[in-house]
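# Fold and contact review
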Amino acid sequence: MKYYSTNKNTPAISLREAVIKGLAADNGLFMPEHIAKLDTAFFETIQNLSFQEIAFEAAKLLFGSDIDENKLREIVFDTLQFDCPVVKVTDSIYSLELFHGPTMAFKDVGARFMARLFKYFFGENEKLVNVLVATSGDTGSAVANGFLGVDGIHVYVLYPKGKVSKIQESQFTTLGNNITALEINGTFDDCQHLVKTAFTDAKLNEKLVLTSANSINVARFLPQAFYYFNAYARLKQAGVLEERELVFSVPSGNFGNLTAGLFAREMGLPVKRFIAANNANDVVYKYLETSEYNALPSVETIANAMDVGAPSNFVRILDMYNYSHKTISEIIKGYRYSDAEIKATVKKVFEQTGYMCDPHGACGYKALEEYISESEVGVFLETAHPAKFTETMEEIIGSGKIPLPQKLADFIKKERKATSLGKDFAGFKAYLLAQ
Ligand SMILES: *Cc1c(COP(=O)(O)O)cnc(C)c1O
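The residue count restarts for each chain, going from 1 along the sequence in the order it is written. Two thresholds apply to this predicted model, a pLDDT of at least 70 for residue-level local features and 80 or more for giving and counting side-chain atom pairs, whereas whole-chain, interface and lining totals are computed over all residues. To get the side-chain values, take all heavy atoms of the structure and skip hydrogens and water.

## Focus: the site of the ligand
When we say a residue is near a molecule or strand, we mean one of its heavy atoms is within 4 Å of it. In the neighbourhood of the ligand, 15 residues make up the surrounding shell, with Lys107, Gly253, Asn254, Phe255 and Thr383 lying closest. Two N or O atoms count as a polar contact when they lie within 3.5 Å, although within protein this holds only if one can serve as hydrogen donor and the other as acceptor, and sequence-adjacent residues are included solely when both atoms are side-chain atoms. Between Lys107 and the ligand, the recorded distance is 2.5 Å, taken from a side-chain N or O atom to an oxygen atom. Gly256 is positioned with one of its backbone polar atoms (N or O) 3.1 Å from an oxygen atom of the ligand. The fraction of the free accessible surface of the ligand (380 Å²) that becomes covered by protein chains is 95%. The class makeup of the residues in the shell around the ligand is 6 nonpolar, 7 polar and 2 charged. In these tables, accessible area is a Shrake-Rupley quantity obtained with a 1.4 Å probe, and a residue counts as shielded only by the protein chains included in the view. In this classification, the charged set is Asp, Glu, Lys and Arg, the nonpolar set is Ala, Val, Leu, Ile, Met, Phe, Trp, Tyr, Cys and Pro, and all remaining amino acids, among them Gly, are polar.

## Here we look at unusual backbone geometry
Comment: phi is negative for the bulk of residues other than glycine, and the bulk of peptide bonds are trans. Although it is not a glycine, Asn27 adopts a positive phi angle of roughly 70°. As for its placement among the helices and strands, Asn27 is situated in the loop between helix H1 (15–21) and strand S3 (30–32). Even without a glycine there, the phi angle at Phe255 is positive, about 65°. Strands are runs of DSSP state E lasting at least two residues, helices are runs of H or I lasting at least four, and both sets are numbered from the N terminus onward. Tracing the chain through its elements places Phe255 in the loop between strand S10 (245–251) and helix H12 (256–266).

## Description of the environment of Tyr355
The topology assignment puts Tyr355 in the loop between helix H16 (339–353) and helix H17 (359–371). Each residue is assigned to one of three classes by its accessible area relative to the maximum for its type, calculated with a 1.4 Å probe on protein chains only: buried under 20%, partly exposed between the two thresholds, exposed over 50%. Overall, Tyr355 belongs to the buried group, its relative accessible area being 11%. Considered as a pair, Tyr355 and Glu206 are 149 residues apart in the sequence and their alpha carbons are 53 Å apart. Sequence-distant contacts of Tyr355, that is, excluding residues within four places in its chain, are made with Val87, Val89, Ser95, Glu97, Phe99, Val349, Phe350, Phe380 and Glu382. Within polar-contact distance, the side chain of Tyr355 engages the side chain of Ser95 at 2.8 Å. Only heavy atoms enter the contact rule, under which two residues are in contact if any of them lie within 4.5 Å.

## Observations regarding the sheet that holds strand S1 (residues 2–5)
Spatially, the 3 strands line up as an open sheet ordered S2-S1-S3, and their pairing is antiparallel. Looking at strand neighbours, the two that pair on one side only are strand S2 (13–14) and S3, the edges of this open sheet. For two strands to be treated as a pair, DSSP must find at least two bridges joining them.

Listed below in structure tokens is the structure:
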């Protein structure tokens, strides 16, 4: 399969090239040229398959022409060493829990798949592939853990000194092996600037193979389609979909997750519609309401992984539906919630049902509670474990209520190691060349 750029000013390229490039030469995002459909017969018996088996069938459609089938099976099964279960919260609202992976956030799925795909394509290269990733917290940990121990690849995680939480920091500074943490004396934007400049520096690129593990990479966002299929299968198995249609509510920031859901639908998954649940960063909400799209600077909220003012994957959604506002606004409805509404939702759901939503998942929950009809069943994506936001959660539901999961406790116990660097590019470049 070839991948074209959403800007359509550069030739379509192979999957192998698209994953190493990340971004197209004309600054567009890569999209697969065709989206094939799974047979309707597949959906009739999907409930008899495991998550891994379902994911493999979807993966064959997406990547089967570029990867040997047995290898692809291995990649999928090894990526999904943890479950993405569907948990009942009320009679009409279910949580798709995406936090059972190593760093307890959904980004584990895409990052692990991407790492294994890199190994397949580049593991036997003579030259080491260097992955540079700037992080404000969660991306760095998912990427570092996804790539941990993968041959032929070295990961540099750049993070702003003093600006990520202890839990987050411990998830990428304690790994060692092929993961190096770089503590930058600056902001997240400084980190991102260093990474971007590195990709355009001629001398660095002559000496080193550099790539990003950005969420715009097709190897990261497409595998996120897998768990939508699983949610459908598990609800079908439970008999929930006999008289009702399925709606997904997706807490959104860069819109990678929602785009993956749209791919699942285009591949034939019986989804009636989607909800894009936002915090105060509402540019897509405004687009859906008015057909006008204007990127804005982001504003800080308690659902901070969704604090995005210019969602990078939005152009993929426009491209998929030929920029038709009519089509897009029929498939996706948008809602936005203030911090006060998010807090009230976390508290209410916990008190009424015993279920603990994190601040991101709570946006998804609230939109379902308000906007699904009796003929629909809603599934919201629970994108991270609530314990990743202990301070906010304890402020909302009271202290001592959130036990630290063993996985996170284990990270915190280990020794942290990072190399300190300034925010000037010359210093960063000299450091990379000396490795
Ligand atoms: C990254 C992230 C999001 C936003 O996902 P997008 O795919 O960028 O829309 C939502 N919740 C959590 C916890 C995240 O880490």
